[in-house]
Amino acid sequence: MTLEDERRAVVEHAPDLAALTPGRTGNLSVRDGETGDAFAITPTGVPYDGFDAADVPVVGVDGDRRDGEMAPSSEVPMHAAIYRREDVGAIVHTHSPWSTTLAVAREPLPPIHYMIVAVGKRVPVAEYAPYGTDELAEHIVRAMDEAEATATLIENHGLVVTASDVETALENTHHVESLARLYLQTRAAGLEPRTLSDEQLETVLEKFESYGQ
């Protein structure tokens, strides 16, 4: 079985994905840790507890299907495009409610809390395009590149987070979702969220680096 470890990681972390996104929405992938030219990704249209490692599809970064009993997620173009352009080891895509609220408002997440540096200095919004398309994939990659971020909201759709490994990608998805909730709750209370300056964020990044984070 090709990408055995990566496929097992997808199965292991599928329940974490299910906890973040409603129904059978969302997807996650883990990149080949040796060559980087392929990735294991959640299958499409099945419950997150309804597959095992042999079912998990394997797809090349060029988008060609290589292995797995089940069909891959419809968002293969997005995952493949990110892996072709970014040096990351895993991708998590959710329709988590607080982040998606910002996405449907087409509003980026500003630096209201220092933990935003886990994904950048802000979370941008990628332009809308139909799901599963090359056009959407390009919008996502462009938004992250321009913001120098490892996450982006997608207009009227959801959230994408990338990281060096799937555990970190999931952890950072929780960070973004939590910050989106804080931001929206502050505004709902009639208060104006205060943001951190670039200088303040740089200090946080330096501290994180000194801790080896």
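Along each chain, residues carry numbers from 1 onward, in the same order as the chain's sequence is written. Totals for whole chains, interfaces and linings use all residues, but because this is a predicted model, local features are given only for residues with pLDDT of at least 70 and pairs of side-chain atoms are given and counted only at 80 or more. Side-chain measures here rest on the full set of heavy atoms in the structure, leaving out hydrogens and waters.

- Per an unreviewed UniProt entry, the protein is named Class II aldolase/adducin family protein, and its organism is Haloterrigena turkmenica.

**Quick word on the overall build of the protein**
Then, number 1: A count of helices and strands for the protein gives six helices and eight strands.
Then, number 2: Secondary structure is summarised from DSSP: a helix means a run of H or I of at least four residues, a strand means a run of E of at least two, and numbering begins at the N terminus for each. The order of helices and strands in the protein, counted from the N terminus, is α-β-β-β-β-α-β-α-β-α-β-β-α-α.
Then, number 3: On C-alpha atoms alone, the protein measures out to a radius of gyration of 17 Å, which is about the 17 Å that the 2.2 N^0.38 rule sets for 213 residues.
Then, number 4: By its C-alpha atoms, the protein is 50 × 35 × 30 Å across when sized along the principal axes.
Then, number 5: Within the protein, the proportion of its 213 residues that are buried is 50%.
Then, number 6: Any pair of residues with heavy atoms lying within 4.5 Å of one another is described as a contacting pair. For the protein, the share of sequence-separated contacts (at least 6 apart) that also reach a separation of at least 24 residues comes to 65%. In this treatment the radius of gyration is a C-alpha quantity, and the globule benchmark scales as 2.2 Å times the residue count to the 0.38 power. Only protein chains enter the area calculation, which uses a 1.4 Å probe; residues under 20% of their type maximum are buried, those over 50% are exposed, and those in between are partly exposed.

**Quick notes on the packing of helix α1 (residues 4–20) against helix α5 (residues 166–188)**
Then, number 1: What counts as an axis is a line fitted to C-alpha atoms, over the stretch in contact for a helix, and the angles between N-to-C directions run from 0 to 180 degrees. Interaxial distance between α1 and α5 falls to 11 Å at its minimum, and their mutual angle equals 15 degrees. The angle between the axes of α1 and α5 places the two elements in the roughly parallel class. Here α1 runs over α5; the crossing is left-handed. For the pair formed by α1 and α5, the contact residues are His13, Asp16, Leu17 and Leu20 on the first element and Val166, Glu167, Leu170, Thr173 and His174 on the second.
Then, number 2: Put simply, Ala, Val, Leu, Ile, Met, Phe, Trp, Tyr, Cys and Pro go in the nonpolar bin, Asp, Glu, Lys and Arg in the charged bin, and everything else, Gly too, in the polar bin. Taken together, the residues of the contact of α1 with α5 sort by class into four nonpolar, three polar and two charged. Each angle gets one of four labels, with under 35 degrees taken as roughly parallel, over 145 as roughly antiparallel, 65 to 115 as roughly perpendicular, and the rest as oblique. The crossing is said to be left-handed when, going from far helix to near helix, the turn is anticlockwise and less than a right angle, and right-handed when the turn is clockwise.

**Concerning the UniProt feature "domain: Class II aldolase/adducin N-terminal" (unreviewed entry) in the protein**
Then, number 1: UniProt positions are given in the numbering used here, feature names are shortened, and annotations may be inferred rather than shown by experiment. Residues annotated by UniProt as "domain: Class II aldolase/adducin N-terminal" (unreviewed entry) correspond here to residues 8–184.
Then, number 2: Across residues 8–184, helical content stands at 37% and strand content at 18%; the span's end C-alpha atoms are separated by 36 Å.

**With respect to the side chain of aspartate 32**
Then, number 1: On the secondary structure map, aspartate 32 appears in the loop between β1 (27–31) and β2 (38–41).
Then, number 2: His is not counted, nor are the chain ends; Lys and Arg add positive charge and Asp and Glu add negative charge. Here, a salt bridge means any Lys or Arg side-chain nitrogen found within 4 Å of an Asp or Glu carboxyl oxygen. This buried residue, aspartate 32, is left without a salt bridge; arginine 66 holds the nearest opposite charge, at 6.4 Å.
Then, number 3: A polar contact is formed between the side chain of aspartate 32 and the side chain of threonine 35, at a distance of 2.8 Å.
Then, number 4: Those residues in contact with aspartate 32 that lie beyond four places of it in its chain are Leu3, Glu6, Asp37, Ala38 and Phe39. Pairing of N or O atoms within 3.5 Å defines a polar contact, subject to two protein rules: one partner must be a possible hydrogen donor and the other a possible acceptor, and residues neighboring in sequence count only if both atoms are side-chain atoms.

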